[in-house]
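Commentary on secondary and tertiary structure
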Amino acid sequence: MAKDFYKTLGVDKTASAAEIKKAFRKLAHEHHPDKNGNADNADKFKEINEAYQVLSNKEKRQQYDQFGSTFDGAGGNPFGGGNPFGQGNMGGFDFSGAQGAQGQDFDLGDIFGQFFGGGAPNGRARSQKGQDIQVDMEISLKEAVFGKSEVLSLRKQVVCEPCTGTGADKGTSYEDCKTCAGTGKIATTVLGTFRTQTVCPECHGQGKLIKDKCGACHGQGFNEENTDIQVEVPGGIDNGQAIRLAGQGNAGKNGSPAGDLYVTIHVKNEPNFTRQGNDLISEYDVPFTMAALGGDIQVKTIDGKVKLKIPAGTPSGKQFILRDKGVTHLRARGRGNQIVIVNIDVPTKLTKKQKQLLEELNKEFEVKKKSWF
Ligand SMILES: [Zn+2]
Ligand SMILES: [Zn+2]
């Protein structure tokens, strides 16, 4: 089917180079597959790039304006099988096709560098990197305060030892790829005008193919294995934060780096403790008589119980600060505080004797009160 590249980018046929560039940037950001993570987006993204490759190039644009959609009918697409990225599967874009095309003023590089967090596009290395793994870990508040060391057991892809991750028998059983004659790239010439290079679809740019597959991994280069990984949870970590263990994810292909392991921390609720930054808040009720007369209460801290002195005449809602009884600072020395809020407990039921005593007391206050006026 004929494609309207102008329509794809949402610009007029008379659009200037700057307008085309602007439209492309906007759409590329909107439809970036990493952003919304769905396959439809990846397709849309490829379409946008395809359109931009043509319309951003003066010569190609002229050709396109002249021949319109005849490319499709002319026996093949000049842009590498309708996909400027060679293999172009999501998460493994290979830009060498676009890069390899000569004399083109593409500025795809900087955008992709931004998206993919890498410098010069090197699709080969990136596309072979192992997948990241995300796991959850539940810890207690005490463990969040002081940190902990835990061995995590998980199943992941590890590099196949017999073939050292190559997937080839004994790690050496290769032959040159016939499709690209071992170069990893294929050139396409269409209408005698365009010459583009794309990644060889047969060997995915490797230039060689496995002759005999490794028996241990069936040519995959990795095996699923149960692995124990020591995770050091730093004191001060908060609920929802993740620890990144670089290179502890799934194995990469052909000696490429492994992905990363992300351990997301979930801190269990601890009764009567509320975390506020690095401070811990707890509330205690004291009898109104103690608030008036003074006394001691037992307060639970993360380090154990402590005695808190309630001075005579403590008003309800008074805050007491227990220094350094809070959460460890994640990136600094020391700890936060524990803040104890004291609420005055007024009895709702009184025994006869208590009532008598209180009435006595009340008379005292009445006398005092009268003398004030
Ligand atoms: Zn090849
Ligand atoms: Zn193997």
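Residues numbered from 1 in each chain as written. Chains lettered and ligands numbered in written order. Predicted model: local features only at pLDDT ≥ 70, side-chain atom pairs only at ≥ 80, totals over all residues.

Turning next to the overall build of the protein. If you tally the helices and strands in the protein, you get twelve helices and 15 strands. For the protein, restricting intrachain contacts to residue pairs at least 6 apart in sequence, the fraction spanning at least 24 positions comes to 61%. (Helix = DSSP H or I, 4+ residues; strand = E, 2+ residues; numbered from the N terminus. Contact = placed C-beta atoms within 7 Å.)

Looking at soluble globular proteins, one finds that nonpolar side chains tend to be buried together. Membership of the largest hydrophobic core comes to 15 residues, with the highest contact counts inside it found for Phe5, Leu9, Phe24, Ile48, Ala51 and Leu55. Put simply, the parts of the chain that give this core at least two residues each are helix H1 (5–9), helix H2 (17–30) and helix H4 (39–55). A per-element tally of this core places H4 first, with six residues. If near-sequence neighbours (up to four positions away) are discounted, Ala51 is found in contact with Phe5, Thr8 and Leu9. Counting ten residues, the second largest nonpolar core, distinct from the first, contains Ile133, Ile237, Val267 and Leu280. (Core = buried A, V, L, I, M, F, W, Y, C linked by C-beta atoms within 7 Å. Buried ≥ 20, exposed ≤ 12 C-beta atoms within 10 Å, placed from the backbone.)

Another aspect to go through is the sheet that holds strand S1 (residues 133–139). Spatially, S1-S9-S8 is the arrangement adopted by the three strands of the open sheet, whose pairing is mixed. Strand pairing shows two members of the sheet lacking a second neighbour, S1 and strand S8 (242–245), which therefore form its edges. The average angle at which neighbouring strand axes cross in this sheet is 25°, direction not considered. Both S8 and strand S9 (residues 261–267) contribute to a ladder of four bridges, which runs antiparallel. Looking across to S9, one finds that Ile243 is bridged to Val263. (Pairing = 2+ DSSP bridges. Axes fitted to C-alpha atoms, helices over the stretch in contact; angles between N-to-C directions.)

Once that is clear, we can look at the sheet that holds strand S11 (residues 279–287). Here four strands make up an open sheet; going across it, the order is S10-S11-S15-S14 and the pairing mixed. Each edge of the open sheet is held by one strand with a lone partner, namely strand S10 (274–276) and strand S14 (318–322). If you compare each strand with its neighbour and ignore which way they point, the axes differ by 35° on average. The sheet contact formed by S11 and strand S15 (residues 338–345) spans eight bridges and is parallel. For Asp285, the partnering residue across the bridge sits in S15 and is Asn343.

What follows deals with the pairing of strand S12 (residues 295–301). Sheet topology note: the S12/strand S13 (residues 304–310) ladder contains seven bridges and is antiparallel. Bridge pairing links Lys300 to Lys305 in S13. Between the antiparallel neighbours S12 and S13 lie two residues.

As a further point, take the environment of Gln319. Along the chain, Gln319 turns up in strand S14. Remark: the alpha-carbon pair of Gln319 and Ile339, spanning 20 residues in sequence, is separated by 6.4 Å. Dropping the residues within four chain positions of it, Gln319 is found in contact with Ile339, Val340 and Ile341.

One non-glycine residue, Thr164, lies in the positive phi region at around 50°. With respect to the helices and strands, the residue Thr164 is situated in the loop between strand S2 (148–159) and strand S3 (174–176). You will see that Asn272, though not glycine, has its phi angle at about 65°, which is positive. Among the structural elements, Asn272 can be located in the loop between S9 and S10. Residue classification places Asn272 among the exposed residues on the basis of 12 C-beta atoms within 10 Å.

Residue placement: Leu330 occurs in the loop between S14 and S15. Among the residues examined, Leu330 registers 14 C-beta atoms within 10 Å and is labelled partly exposed. Spatially, the C-alpha atoms of Leu330 and Phe146 are 9.9 Å apart, while their sequence positions differ by 184 residues. Beyond its immediate sequence surroundings of up to four residues, Leu330 is in contact with Pro234, Gly236 and Ile237.

Once that is clear, we can look at the environment of Leu322. With respect to the helices, strands and loops of the structure, Leu322 is situated in strand S14. Residues Leu322 and Leu280, spaced 42 residues apart in sequence, show a C-alpha to C-alpha distance of 9.6 Å.

Turning to H2, a few remarks are in order. Helical geometry note: an α-helix holds 3.6 residues per turn, so side chains three or four residues apart project in the same direction. With 14 residues, H2 ought to run about 20 Å at 1.5 Å a step, and its terminal C-alpha atoms sit 20 Å apart, in line with that. Regarding H2, the residues found buried are Ile20, Ala23, Phe24, Leu27 and Ala28. Each buried residue of H2 lies within a common arc of 130° when the element is viewed along its axis, so the set occupies one face. For H2, the exposed residues lying more than 90 degrees away from the buried face are Ala18 and His29. (Expected span 1.5 Å × (residues − 1). Arc of directions from axis to C-beta.)

Detailed reading of the predicted coordinates is not advisable wherever pLDDT falls low. Summing up the model confidence of the protein, the mean pLDDT is 79 and the portion of residues at 70 or higher is 77%. Contacts for the low-pLDDT stretch residues 69–126, under 50 throughout, to residues beyond four places or in other chains number 94 contacts. (pLDDT = per-residue confidence, 0-100.)

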